[in-house]
Amino acid sequence: MGSTALRVRFAPSPTGYLHVGGARTALFNWLLARQSGGVFVLRIEDTDRTRHVAAAEQKILDDLRWLGLDWDEGPDAGGDCGPYFQSQRLDIYQRYVEQLLEEGNAYYALDTPEELEAMRADARKAKRASTYRRPDPLPTVKEGLAARDRGQPAVVRFLMPPGDVVVHDLVRGEVRVPQDEMEDFVILKSDGWPTYHLACVVDDAMMKVTLVCRGQDHLSNAPKHVALQQALGFQTPQYAHLPLIFNLDGSKMGKRDKHVAVHEAVARLIRDGKWTIDTVGEHARIDADGASRWFGDKKAGRKPEFQALDMDGLIRLAGHAGVVLPEIDVHDFRVSGYLPEALGNFLNLLGWSPGDDREHLSRDEAVAAFSIDRIVKSNAKFDRDKLLALNTHWCAGVSPGRLLEAFRDFTQTGGSALNALDDGTASRVLEACKGLRTFRDVENKAGALFVADAQLEYDAKAVRKVLAKNDGQGYAMLERLLPALDSLATWSPDAVEALLADVCEKYDVKLGDVAQPVRVAVTGRTISPAIGDTLMLLGKERTLTRIRNCLAAVA
RNA sequence: GGCCCCAUCGUCUAGAGGUCUAGGACACCGGCUUUUCACGCCGGCAACGGGGGUUCGAGUCCCCCUGGGGUCACCA
């Protein structure tokens, strides 16, 4: 790998939460750095002022940390190549633009949007790839500046030098792009901010990045970047372009998916008369105008504007509408009760494999095993079933302490009612929920134990099938059980289960005939931890209270 | 549409010319376990897109076709 240490970077743009695809890229870069003693740089590419989302950086950093990916240089970490926000490096880009301009490698372009559109149309008709027609003669810098000062749109374009460009990609080999495929792309926007291409090339050079590992959607950018590097006299880093990740059905994993899912549910609620537009605003905590823009108005022919609602509002709205959001961001999985160990393991296996039959890799094992030449070339699909299986595996394999820690993050981040539990209780709940697939399972299985007794809701179907059937056989069983439980001296899972077993023998019935009525009576549902654990968690008093309440309700 | 990239079970993948009657995992199907839901255990189904070459021999190399994807912005 040469004499200098490896320096890699992850460069997200703060437009929302950390996407799983981005997380995979970050993970691979991190792995590369950690296994080689190299440096992992985090850089925020916030040069798009229109798409910038407030506090998005913090969310991204937070989810990166949650995944266990730490960076050596970047926001909160500092470093010698900062600042690590592109919005704070504007003067640097300006310098290089001037250099390019002076050396005749760039020029001011004064085309109007209409002219550009016309060029695109022409190119399409002529079946040409590049659309931009270089002006002849080129405007001088003076003319450009003058036009800009007059308020005319003026951008700076890179003057693409003649000759094909070859990119040496570590996963794809040599990629050659013919010269006429590349046009004079914009490097400085009319608002004075750099485009991605310029900022990225300049920063990678100044931050001494030796290897650029990113998604394959950037492959077609690589030749442009190489040409720019040559014009600026920069060294070209090594490149590795990762295969892309799609939904199982082949569609892209876009954040639109979430809006669409919620929108459909809300439309249904409104159609059924259960909600109005005001309800939407209320739940999403946005004003009436925002709500109506987000939802759209069919009669007025107004399409939904999804940007009217940010992700946090959308999450709130989804909660109220009873929609499980399609999970596409790291944060979604965090809120859904996944372990970072599992998500990381899963992402690690998307586009890479260790080469043997191992599927379960700890982070340390991944650091040891990872290598760029084992990266797969073809795109992958995100199979949630497999992720679920991995999560199940890690939930079972992780230490009780670690599981508790992760569970607390889940209840906190997702706003679970179980967040109120103390550590001791939470541990016992986790223990009683062994076999869990996600932390949501814990909520579903044990949540009813922690609502107030008077608030306990009974599932009608469960009552019918377990308690009421056969002339109230279940209720009868409860009547018999009540005094026995009441007089039970030691309240432990074993003692409770022994008592139930005795009852079975005494009345010659199956364990299910006695345990299920109790379960339904104390939880309102047919699902809960093992009956001994369920009653233990509930405590003797509340168990008896709930059974009495249940009996009283039918009396 | 131009250009670029890719192509093994439904999915993630192993496979770097003979050891491939193609391996593993998830999903699925059967069975076992079981007081619910899960978990767990055992077994089964299931793939080299098509056509040409090269070679004694091709899933593995080459070409074409087909299919999928990316990209063609003053977004990154």
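Residues numbered from 1 in each chain as written. Chains lettered and ligands numbered in written order. Predicted model: local features only at pLDDT ≥ 70, side-chain atom pairs only at ≥ 80, totals over all residues. Heavy atoms only, no water.

It is worth spelling out the overall build of chain A at this point. If you tally the helices and strands in chain A, you get 23 helices and 11 strands. When burial is assessed residue by residue, chain A has 49% of its 555 residues classed as buried. Within chain A, counting contacts between residues at least 6 apart in sequence, those at least 24 apart form 73% of the total. Surface accessibility of chain A: about 26600 Å² in total, with carbon and sulfur atoms responsible for 50%. (Helix = DSSP H or I, 4+ residues; strand = E, 2+ residues; numbered from the N terminus. Buried < 20%, exposed > 50% of the residue type's maximum accessible area, 1.4 Å probe, protein only. Contact = heavy atoms within 4.5 Å. Areas by Shrake-Rupley, 256 points an atom, 1.4 Å probe, with all protein chains shown as cover.)

Turning our eyes to something else, we now look at the packing of helix 1 (residues 20–36) against helix 13 (residues 340–348). Contact pair helix 1 / helix 13: the axes reach a minimum separation of 9 Å and the direction vectors enclose 85°. Taken together, helix 1 and helix 13 sit at an angle that is classed as roughly perpendicular. In this structure, helix 1 uses V20, A23, R24, L27, F28 and L31 to contact helix 13, whose residues at the interface are G344, L347 and N348. Considering only residue class, the contact of helix 1 with helix 13 consists of 6 nonpolar, 2 polar and 1 charged. (Axes fitted to C-alpha atoms, helices over the stretch in contact; angles between N-to-C directions. Parallel < 35°, antiparallel > 145°, perpendicular 65-115°, else oblique. Nonpolar A, V, L, I, M, F, W, Y, C, P; charged D, E, K, R; others polar.)

This brings us to the domain arrangement of chain A. For chain A, the domain assignment lists domain 1 (89–242), domain 2 (256–321) and domain 3 (451–552). Its C-alpha centre places domain 1 at a distance of 40 Å from the equivalent point of domain 2. (Domains from an automatic or database assignment.)

Turning to the state of the cysteines, a few remarks are in order. Evaluated as defined, the whole model comprises 0 disulfides. As a non-bridged cysteine, C395 has C433 as the owner of its nearest cysteine sulfur, 11 Å distant. Looking at C395, the relative accessible area reads 4%, which means it is buried. You can see C504 has no disulfide; the closest cysteine sulfur is in C550, sitting 18 Å from it. (Disulfide = S-S within 2.5 Å.)

We now examine the nonpolar core. With 107 residues, the main nonpolar core has F382 and F439 as its most contacted residues. Broken down by element, the residue count for this core peaks at 10 residues, all from helix 19 (residues 460–486). Lining this core are residues from two domains, each supplying at least three of them: domain 1 (89–242) and domain 3 (451–552). Not counting chain neighbours up to four residues away, the residues in contact with F382 comprise V20, I245, F246, N247, L248, M253, F333, F346, L347, L350 and L387. Core analysis: the next-biggest nonpolar cluster, separate from the first, contains 38 residues, M160, L188, A222 and A231 among them. (Core = buried A, V, L, I, M, F, W, Y, C linked by side-chain atoms within 4.5 Å.)

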